[in-house]
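What follows is each chain in one-letter form.
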Amino acid sequence: TDGTGRCNIFIDPSVVEGQEYDDESMVRAAWYVLHAALETESSQQKGIAFLVYLKDTLVRHFDRSLTRLLANSIRGVLPVRVSAIHIFHAP
């Protein structure tokens, strides 16, 4: 957690470059990360801050079908409070 009690989840879409994965496995991994984040009461109350790192990311790294599947599997099921989404590209 950060100084405000939010859980920080770091996302780097470029790490999937050249990796083979299926959408269901990625959704299971995301569910695991979200469940782990929701174990702390402060994260449940204050929310989760997503830190999206785009330094080596290209448009092809974004899988729209995976994003849609993940969003549809979470919506209305997991009590995830998104407190912030920070998108950055550090020099």
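Just so it is clear, the model here is predicted, and its values are computed rather than measured.

**So, the side chain of Asp-12**
Within the secondary structure, Asp-12 is located in the loop between strand 1 (7–11) and helix 1 (23–37). One buried charged residue, Asp-12, remains without a salt bridge, the closest side chain of opposite sign being Lys-55 at 9.7 Å. Sequence-distant contacts of Asp-12, that is, excluding residues within four places in its chain, are made with Tyr-53 and Thr-57.

**Some points on the packing of aromatic side chains**
Under the defined criterion, the tally for this structure stands at two aromatic pairs. Residues Tyr-53 and Phe-88 carry aromatic rings whose centres are separated by 5.5 Å and whose planes lie at 50 degrees to one another, so their mutual orientation is tilted. With Tyr-53 in strand 2 (residues 48–53) and Phe-88 in strand 3 (residues 82–88), the pair connects residues that are 35 residues apart, well separated along the chain.

**A closer look at helix 1**
Between the first and last C-alpha of helix 1 there are 21 Å, a value that for 15 residues agrees with the 21 Å anticipated at 1.5 Å per step. Restricting attention to buried positions, one finds in helix 1 the residues Val-27, Ala-30, Leu-34 and Ala-37. Mapping the buried residues of helix 1 onto a view down its axis gives an arc of 80 degrees, with all of them on the same face. Seen from the open side of helix 1, the exposed residues pointing more than 90 degrees away from its buried face are Glu-24, Arg-28 and Tyr-32. Where helix 1 is buried, its residues touch strand 1, helix 2 (41–46), strand 2 and helix 3 (64–74). Structurally, the start of helix 1 carries an N-cap: the backbone nitrogen of Glu-24 is 3.2 Å from a side-chain oxygen of Asp-22.

**Looking at the environment of Pro-13**
When you line up the elements, Pro-13 lands in the loop between strand 1 and helix 1. Placed 39 residues apart in sequence, Pro-13 and Val-52 show a C-alpha to C-alpha distance of 8.0 Å.

Rules used throughout
Here the residue index of a chain counts from 1 through its sequence in written order. In view of the model being predicted, local features appear only for residues whose pLDDT reaches at least 70, and side-chain atom pairs are presented and counted only at 80 or more, with totals across whole chains, interfaces and linings using the full set of residues. Think of the side-chain values as coming from all heavy atoms in the structure, minus any hydrogens and water. Comment: elements are numbered from the N terminus, with helices defined as DSSP H or I runs of at least four residues and strands as E runs of at least two. Buried means the residue's accessible area, taken with a 1.4 Å probe over protein chains only, is under 20% of the maximum for its type, while exposed means over 50%, and partly exposed covers the values in between. When charges are counted, Lys and Arg contribute as positive and Asp and Glu as negative, whereas His and the chain ends are disregarded. Each salt bridge in this description consists of a side-chain nitrogen of Lys or Arg and a carboxyl oxygen of Asp or Glu lying within 4 Å of one another. Only heavy atoms enter the contact rule, under which two residues are in contact if any of them lie within 4.5 Å. Two rings belonging to Phe, Tyr or Trp (six-membered ring only in the last case) form a pair when the distance between their centres is within 6.5 Å. Interplanar angles under 30 degrees mark stacking, angles over 60 mark edge-to-face geometry, and anything in between is tilted. Here the expected span of a helix is defined as 1.5 Å times the quantity of residues minus one. To be clear, the arc concerns the directions from the helix axis to the C-beta atoms. Whenever a nitrogen or oxygen atom comes within 3.5 Å of another N or O atom, the pair is scored as a polar contact, on the condition that within protein one atom can donate a hydrogen and the other can accept it, and that pairs from neighbouring residues in sequence are kept only if both atoms are in side chains.

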